[in-house]
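# Architecture at a glance
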Amino acid sequence: IYTNNKLTITNNSTGTLNINSNMNTGIYADKKLNLNGGTIVVNTADGSETAEADAIVGDNNIEIEGAVIDIDSSGDGIKSKDQGVFVLGGTVTIKAGKDAVQACTEIAVSDGTVTAGGDRGFRLDEAGMLNITGGKVIATATDYQLTGAGVTVNLSGSTQPVMMLDMAAEWTKDSVITVKNGDKTVCEYAPRKKYSYVLISDA
């Protein structure tokens, strides 16, 4: 799906959109991209890991509020080329061959659930902002915790606690991550990709 304008899936959408693309981006919008309802399943993983096709890409802001998004990508999962990615609600699940969520200026989560795994779970440009103020986030990575070596990310806007783990060794996919508060399980997740780094945020 391609548009050189704004693309919106409205919050009263109730159906399921399935996109399979082995060579090209699954959804691309030249301007703002709003995914606010329905179930969106994007598969750009062809099994060969050579195509590196991205799943959802926008040149402008990408906003998710209420949609259920499931991505299996040989390239990047969700990528804003020039601006930010904002999760205001809904459920986002990503397995990516490269970056799970990539943005130029800001990645922000204020509600909903984000589980993302890739070479980098989140990637931001230099001085980009990671602002987590609500919701539940579990991001795993194989290569870098947040972004490339030597790149500084601004975490000052994250008002919800963020925990970053640098594992002593690489874990295989489906190795369960469990966080507890006393006897209560706060979150439990089995990543769909191997990982060496984990970022967790929960109220």
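In this report, the structure presented in the accompanying data block is examined. (Residues numbered from 1 in each chain as written. Predicted model: local features only at pLDDT ≥ 70, side-chain atom pairs only at ≥ 80, totals over all residues. Heavy atoms only, no water.)

Moving on to the nonpolar core. Ranked by internal contacts, the top residues of the largest apolar core, which has 38 residues, are L35, I56, I69, I78, I94, F122 and L130. Tallying contributions element by element places strand 15 (residues 113-124) first for this core, with four residues. When near neighbours in sequence (up to four residues on either side) are disregarded, L130 contacts I107, F122, L124, L146, V153, N154, L155, S158 and L199. If you look at the next biggest cluster of nonpolar residues, it comprises eight residues, including Y189, Y195, V198 and I200. (Core = buried A, V, L, I, M, F, W, Y, C linked by side-chain atoms within 4.5 Å. Buried < 20%, exposed > 50% of the residue type's maximum accessible area, 1.4 Å probe, protein only. Helix = DSSP H or I, 4+ residues; strand = E, 2+ residues; numbered from the N terminus. Contact = heavy atoms within 4.5 Å.)

Taken together, the side chains of L155, V162 and M164 present a nonpolar region at the surface, about 200 Å² in accessible area. One can find L155 in the loop between strand 17 (136-144) and strand 18 (162-171). The exposure class assigned to L155 is partly exposed, which follows from its relative accessible area of 35%. (Patch = residues over 30% accessible without salt bridge, like charges linked within 9 Å, V, L, I, M, F, W, Y side chains within 5 Å. Areas by Shrake-Rupley, 256 points an atom, 1.4 Å probe, with all protein chains shown as cover. Salt bridge = Lys/Arg side-chain N within 4 Å of Asp/Glu carboxyl O.)

This next bit is on the side chain of K193. Secondary-structure assignment places K193 in the loop between strand 20 (184-189) and strand 21 (195-201). Of note is the side chain of K193, whose polar atom sits 3.1 Å from the side chain of D119. For K193, the residues in contact, after removing those within four places along its chain, are K95, A96, G97, G118, D119, T142 and K173. (Polar contact = N/O pair within 3.5 Å; in protein donor to acceptor, adjacent residues only side chain to side chain.)

Two faces belong to every sheet, and in a regular strand the side chains alternate between them. Alignment of strand 15 against strand 17, held across seven bridges, turns out to be parallel. Opposite G118, over in strand 17, you have A141 as the bridge partner. (Pairing = 2+ DSSP bridges.)

This part is about the side chain of S73. Inspection of the secondary structure puts S73 in strand 9 (residues 68-73). Here S73 is in contact with T44, A45, A53, D54, A55, K95, A96 and G97, once residues within four sequence places are set aside.

So, on to empty space enclosed by the protein. Inspection of every chain in the model, using the stated rule, returns one cavity of 30 Å³ or more. Estimated volume of the largest cavity: approximately 50 Å³. Elements supplying a minimum of two residues to the lining of the largest cavity: strand 11 (84-87), strand 12 (91-96), strand 14 (106-109) and strand 15. Residue composition of the lining of the largest cavity, by class: eleven nonpolar, no polar and no charged. (1 Å grid on protein atoms, 1.4 Å probe; cavity = no way out; pocket = protein on both sides within 12 Å on 5 of 7 lines; lining within 4 Å. Points joined across faces, edges and corners; volume = space filled by probe spheres on them. Nonpolar A, V, L, I, M, F, W, Y, C, P; charged D, E, K, R; others polar.)

On to the environment of V114, then. Structurally, the position occupied by V114 is in strand 15. Considering only alpha carbons, one finds V114 and T172, 58 residues apart in sequence, at a separation of 20 Å. The residues touching V114, leaving out its near neighbours within four places in the chain, are V87, V92, V109, F122, K136, V137 and I138.

Before going further, it helps to spend a moment on unusual backbone geometry. One non-glycine residue, D174, lies in the positive phi region at around 70 degrees. Here D174 is to be found in the loop between strand 18 and strand 19 (177-181). For D174, a relative accessible area of 49% translates into the label partly exposed.

Attention now goes to the sheet that holds strand 5 (residues 33-35). Sheet strands line up and pair through hydrogen bonds in the backbone, either parallel or antiparallel. The six strands are arranged 2-5-8-11-14-16 in an open sheet whose pairing can be described as parallel. Each of the sheet's edge strands pairs with one partner strand only, and the pair in question is strand 2 (7-9) and strand 16 (129-132). Taking each pair of neighbouring strands and ignoring which way they run, the sheet shows an average axis angle of 5 degrees. As paired elements, strand 2 and strand 5 share three bridges and run parallel to each other. Across the sheet, the residue bridging to I9 is L35, located in strand 5. (Axes fitted to C-alpha atoms, helices over the stretch in contact; angles between N-to-C directions.)

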